[in-house]
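Chain and residue survey
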Amino acid sequence: MSEVFSSPVLRVEQPRRGPFAKSRYKVLDEGGTVVAIAAPTDDQGGAAVMRGLFPGKSNLDARAVLLTTPDGDPLYVVDKQSGREYTEILRPDGERVGSFVTERVGRRYVVYDDDGTLIGTVDVDVPRNNFEVKDADGGKVAHVRKKWAGLATHLLTTADRYAVEISDPVREPLRTMAVMTAIVMDMNLHEAKEIT
């Protein structure tokens, strides 16, 4: 599945929508071809029912998105737990690829593989627009940048855009986790602008 994200430059974008829309993303390669689409999962158990009754728009709410190919083949699930402490990346069969664990809220996250072995970190700048992904030895493997789309877009829509630049070669699962950084950081740090 990792060949989907083989491009060294990717874009992760949310479509322009009003403030009440749920988390949706498109992943595009450097040529602008859509390689993956993410949308909220329907299979989230009782918590989803409660969120349906009392829809939250906070960074603290639990939510999950399913990434598929443009043809609808499932790739990964990004499962953000309640709070900002823990987000898992899962394969469609439920097998864990890795996880992001908060070390300092909004400033530093640690990245683990499926066995719980530390494989990297994500350092966040003060405005929360630049995310440096490093391997376990501290070497930079990717830079994720949230692009400014203008004041009206920022305040009135959920249309965030991210550029992901990967310093090849990066081994799996860290490469996939580096790409997922854009979605995970958006879900953890930038969803609160939604208006309820």
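Structure: see above.
Model, not experiment: these values are computed from the prediction.

1. Some thoughts on the overall build of the protein
Regarding its fold elements, the protein presents 3 helices and 12 strands. Counting the 196 residues in the protein, one finds 45% classified as buried. As presented, the protein carries roughly 9,300 Å² of accessible surface, and 53% of it is formed by carbon and sulfur atoms.

2. Regarding the side chain of aspartate 123
Counting through the fold element by element, aspartate 123 comes out in strand β9 (residues 118-124). In this structure the side chain of aspartate 123 is engaged in a polar contact, spanning 2.7 Å, whose partner is the side chain of arginine 108. Among the polar contacts listed, one links the side chain of aspartate 123 to the side chain of lysine 134, at a separation of 3.2 Å. Look past the residues within four positions of aspartate 123 in its chain and what remains in contact with it is Arg107, Arg108, Asn130, Phe131, Glu132 and Lys134.

3. Remarks on the layout of surface pockets
The calculated volume of the second largest pocket comes to roughly 230 Å³. Lining the second largest pocket are Leu118, Ile119, Asp135, Ala136, Asp137, Val141, Pro169, Val170, Arg171, Glu172, Pro173 and Leu174. A class-by-class count of the residues in the lining of the second largest pocket yields 8 nonpolar, no polar and 4 charged.

4. Notes on the nonpolar core
Ranked by size, the top nonpolar core spans 42 residues in total, and within it Phe5, Leu67, Val78, Ile89, Phe100 and Val122 carry the most contacts. For this core, the leading source of residues is helix α3 (residues 174-190), giving 11 residues. With near-sequence residues (within four places) excluded, phenylalanine 100 lies in contact with Glu85, Tyr86, Thr87, Ile89, Val110, Val111, Val122, Met177, Met180, Thr181, Val184 and Met185.

5. Overview of unusual backbone geometry
With an omega of 0°, the peptide bond between aspartate 168 and proline 169 qualifies as cis. Along the chain, glutamate 172 connects to proline 173 via a cis peptide bond; the corresponding omega equals 5°. Looking at where proline 173 falls in the secondary structure, it is placed in the loop between β12 (161-166) and α3. A positive phi is found at arginine 128, a non-glycine position, where the angle reads about 65°.

6. Notes on the pattern of salt bridges
Overall, the coordinates contain 10 salt bridges when judged by the stated rule. Close ionic contact of aspartate 123 with arginine 108 constitutes a salt bridge, the shortest N to O distance being 2.7 Å. Residue aspartate 123 is found in strand β9, and its partner arginine 108 is found in strand β8 (residues 108-113); the two are separated by 15 residues along the sequence. The partner of aspartate 123 in a salt bridge is lysine 134, with the nearest N and O atoms 3.2 Å apart. Of this pair, aspartate 123 sits in strand β9 while lysine 134 sits in strand β10 (residues 130-135); the two residues are 11 residues apart in sequence, bridging distant segments of the chain. In this structure lysine 134 comes out as partly exposed when scored by relative accessible area, which is 22%. Connected through shared salt-bridge partners, Glu103, Arg108, Asp123, Glu132 and Lys134 make up one network.

Reading the values: rules and limits
- Residues numbered from 1 in each chain as written.
- Predicted model: local features only at pLDDT ≥ 70, side-chain atom pairs only at ≥ 80, totals over all residues.
- Heavy atoms only, no water.
- Helix = DSSP H or I, 4+ residues; strand = E, 2+ residues; numbered from the N terminus.
- Buried < 20%, exposed > 50% of the residue type's maximum accessible area, 1.4 Å probe, protein only.
- Areas by Shrake-Rupley, 256 points an atom, 1.4 Å probe, with all protein chains shown as cover.
- Polar contact = N/O pair within 3.5 Å; in protein donor to acceptor, adjacent residues only side chain to side chain.
- Contact = heavy atoms within 4.5 Å.
- 1 Å grid on protein atoms, 1.4 Å probe; cavity = no way out; pocket = protein on both sides within 12 Å on 5 of 7 lines; lining within 4 Å.
- Points joined across faces, edges and corners; volume = space filled by probe spheres on them.
- Nonpolar A, V, L, I, M, F, W, Y, C, P; charged D, E, K, R; others polar.
- Core = buried A, V, L, I, M, F, W, Y, C linked by side-chain atoms within 4.5 Å.
- Salt bridge = Lys/Arg side-chain N within 4 Å of Asp/Glu carboxyl O.

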